[in-house]
Structures are given as structure tokens and as C-alpha cells.
Amino acid sequence: MMRRPFIAGNWKMNKTVAEAVELAESLCEALGDVTEMDIAVCTPATDLYAVSQALEGSNIGVGAQNMYWEDKGAFTGETSPVMVKELAEYVIIGHSERREYFGETDETVNLKIKSALAHGLKPIVCIGESLEQNKAGETVSFVKSQIEGAFAGLSEEDARRLVLAYEPIWAIGTGLTATPEQANDIIREAIRDVLKELYNEETAEAIRIQYGGSAKPGNIADLIVMPEIDGALVGGASLKADAFSEMIKNAVAALK
Ligand code: PEP
């Protein structure tokens, strides 16, 4: 099963509109001829309009970092899937920072996934264990429970439209990276296995799974060549045009 590689940047709460447009334009210039993989940048909601304009017609997709599940109404401060869909193709759902600081649960993640899919958005759904869970040997059981929660009630067809990002929380923004072998094993044992139980082998093999956690130009090659790792969700290293472009180019070279 050939899964098309996919590297997405997560800008988190960074970049004013002017900064965002500058970065988007630089990426467009540096990466315009890349055909070997899907590329996207997930921007703050305030940057989506300008970045979608700057990247229109390019090979770089745009994503939001979060959304609410209702279409509209009295939900002050939230962004609806209808609004996101006008400006973006992807939406990150259930990032560990949202789970930790903003009360996301497996239930809200599931509601958001269903809503995003119903609106034709492509969710990038984040899962991953904490350092304590990792040390206690609970990684596989915890990640399995997150998957079961995220996919609850999703048809096989919907499931295949998701992208998963396996992000061990202890590796996010810390400079610590799971070894490529560690990440590959967890993806196989905790993610593809449970997808096989929930659906079937074909669906488990069709869903793209990114690695996330201090991915950078220097380690992307070793990560992306692993059979279960289909790309990366990139925080820090996606904030500078040079680093992000170098990363994509290193990944393309590694896959040749
Ligand atoms: C992320 O935000 O999803 C992430 C993986 O961050 P970083 O690359 O900075 O660890």
C-alpha cells in the first residue's frame, strides 16, 4: 500500500498577518516544484485568509489548528467548520496542547472530527502519550484508547479521510525525539493494530500517520524512511522558511 507522504507545519500561536504572508511566500518560492509529497501549513485562525490567498494555486495546502463542531451560533470566540472550510483544506484536531490547556477530551475530539468530515475538511488528528505514561509502560493502552475515542462512530470511508499524527507529548518542543524505531513500533502496535480491529487491514494500511515531536531538518530523513511513518507534523521547525524547506527537501531526497 503506497501512502503519499505528508509534512505539515503547525505554527501554533505565532505569526502576525504580515509575518505569515512573508513565510508563506518564501515557502512557495522554495517548495513550488515539490511533487513527491503533500505539504501544508496550519496557521492561527487570524492568518488563514491571508495565507490562503498567498498560497492559492500552489502545492502548499492550508490548515487551521482547531475548530468548534457547531456550524454557527452563540459560541463566543470559536471558529466554525463552515468558516474554516472557506479558507482551509485541513484542520488539526486534538493537539496535545489543546487537550492539556483547553480541556479537549476524546469526546470533543470525536465531535470535531465528525463535524470536520461532514464539511469536507481533512482532519489531522493528534494522539500521543505523556512522559509519565511512557515511563509506566502505558503507551500502547493509552494511545489505543485515544484512537477508539477519536474514531467512535466513523464509517470506514470517513476513517480513511483522516490523517493521524502520533506525537509523544514528551517529544513536543523539548528537543527530545522518539527514535525512528520507537515511533515506528508504536505506530504499528498501538495505531495500525487497533485500526485493523476497528475496521480491517486495508483501512489500517490506507490511513496516513505522521510523526510529531521535535522533527527537524537533521532527523526527518531517518524518520520518514521508516515503513509506518508517512510524514511529520512539525512545530518549531516550521516557523522559519529555511528550516521547513530544508526539511521537505531532505525528506524528498531520503525517499528517492
Ligand atoms: C507540534 O506542535 O505538533 C510539534 C510536534 O511541535 P515541535 O515540532 O516543536 O516538537
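Overview of the structure. (Residues numbered from 1 in each chain as written. Predicted model: local features only at pLDDT ≥ 70, side-chain atom pairs only at ≥ 80, totals over all residues. Heavy atoms only, no water.)

Cysteine pairs can be linked by a disulfide, which is a covalent bond between their two sulfur atoms. The final tally for this structure, using the stated rule, is 0 disulfides. A disulfide-free cysteine, cysteine 28 has its sulfur positioned 16 Å from the sulfur of cysteine 42, the nearest such atom. Among the cysteines around cysteine 42, which has no disulfide bond, cysteine 126 carries the closest sulfur, lying 8.8 Å off. The exposure class assigned to cysteine 42 is buried, which follows from its relative accessible area of 0%. (Disulfide = S-S within 2.5 Å. Buried < 20%, exposed > 50% of the residue type's maximum accessible area, 1.4 Å probe, protein only.)

What follows concerns unusual backbone geometry. Even without glycine at this site, lysine 15 takes up a positive phi of about 90°. With respect to the secondary-structure elements, lysine 15 resides in the loop between strand 1 (6-10) and helix 1 (17-31). Of note, the phi angle at serine 214 is positive, near 55°, even though the residue is not glycine. Judged by its relative accessible area of 16%, serine 214 falls in the buried class. (Helix = DSSP H or I, 4+ residues; strand = E, 2+ residues; numbered from the N terminus.)

This part takes up the layout of surface pockets. Here the largest pocket is characterised by a volume of approximately 510 Å³. Lining of the largest pocket is provided by 21 residues; of these, Lys12, Met13, Gln65, Asn66 and Arg98 occupy positions nearest its centre. Taken together, the residues that form the lining of the largest pocket break down as 10 nonpolar, 7 polar and 4 charged. Taken together, 11 residues form the lining of the second largest pocket, with Met2, Arg3, Pro5, Asp230 and Leu255 sitting closest to its centre. Here the lining of the second largest pocket is composed, by residue class, of 8 nonpolar, no polar and 3 charged. (1 Å grid on protein atoms, 1.4 Å probe; cavity = no way out; pocket = protein on both sides within 12 Å on 5 of 7 lines; lining within 4 Å. Points joined across faces, edges and corners; volume = space filled by probe spheres on them. Nonpolar A, V, L, I, M, F, W, Y, C, P; charged D, E, K, R; others polar.)

Before going further, it helps to examine the pairing of strand 5 (residues 122-127). For strand 5, a buried count of 5 out of 6 residues is recorded, marking the element as mostly surrounded by other parts of the structure. Note: strand 5 against strand 6 (residues 163-166), 4 bridges, orientation parallel. Residue pairing in the sheet places cysteine 126 in a bridge with alanine 165 of strand 6. (Pairing = 2+ DSSP bridges.)

Moving on to the pattern of salt bridges. The final tally for this structure, using the stated rule, is 16 salt bridges. Between arginine 208 and aspartate 38 there is a salt bridge, with the nearest N and O atoms lying 2.9 Å from each other. A residue pair is termed long-range when its members are at least 10 positions apart, and arginine 208 in strand 7 (residues 208-212) and aspartate 38 in strand 2 (residues 38-42) qualify at 170 residues. By relative accessible area, which is 15% here, arginine 208 ends up buried. With its nearest N and O atoms 3.8 Å apart, the salt bridge here joins arginine 160 to glutamate 202. Of this pair, arginine 160 sits in the loop between helix 8 (156-159) and strand 6 while glutamate 202 is found in helix 10 (residues 201-206), placing the two residues 42 residues apart along the sequence. (Salt bridge = Lys/Arg side-chain N within 4 Å of Asp/Glu carboxyl O.)

We now examine the pairing of strand 2. The two faces of a sheet get side chains in turn, since along a regular strand they alternate between them. Most of strand 2 sits inside the fold, with 5 of its 5 residues counted as buried. Of the two faces of strand 2, the one lined by Asp38, Ala40 and Cys42 and the one lined by Ile39 and Val41 are each fully buried. Sheet topology note: the strand 1/strand 2 ladder contains 5 bridges and is parallel. From the neighbouring strand, isoleucine 7 faces strand 2, where its bridge partner is isoleucine 39.

This part covers the side chain of arginine 3. Along the polypeptide, arginine 3 turns up in the segment before strand 1. Judged by relative accessible area, arginine 3 falls into the buried class, the value being 12%. Among the polar contacts made by the side chain of arginine 3, one reaches the side chain of aspartate 230 at a distance of 2.8 Å. The contact partners of arginine 3, leaving out residues within four places of it in the chain, are Arg192, Glu205, Ala206, Ile207, Arg208, Pro227, Glu228 and Asp230. (Polar contact = N/O pair within 3.5 Å; in protein donor to acceptor, adjacent residues only side chain to side chain. Contact = heavy atoms within 4.5 Å.)

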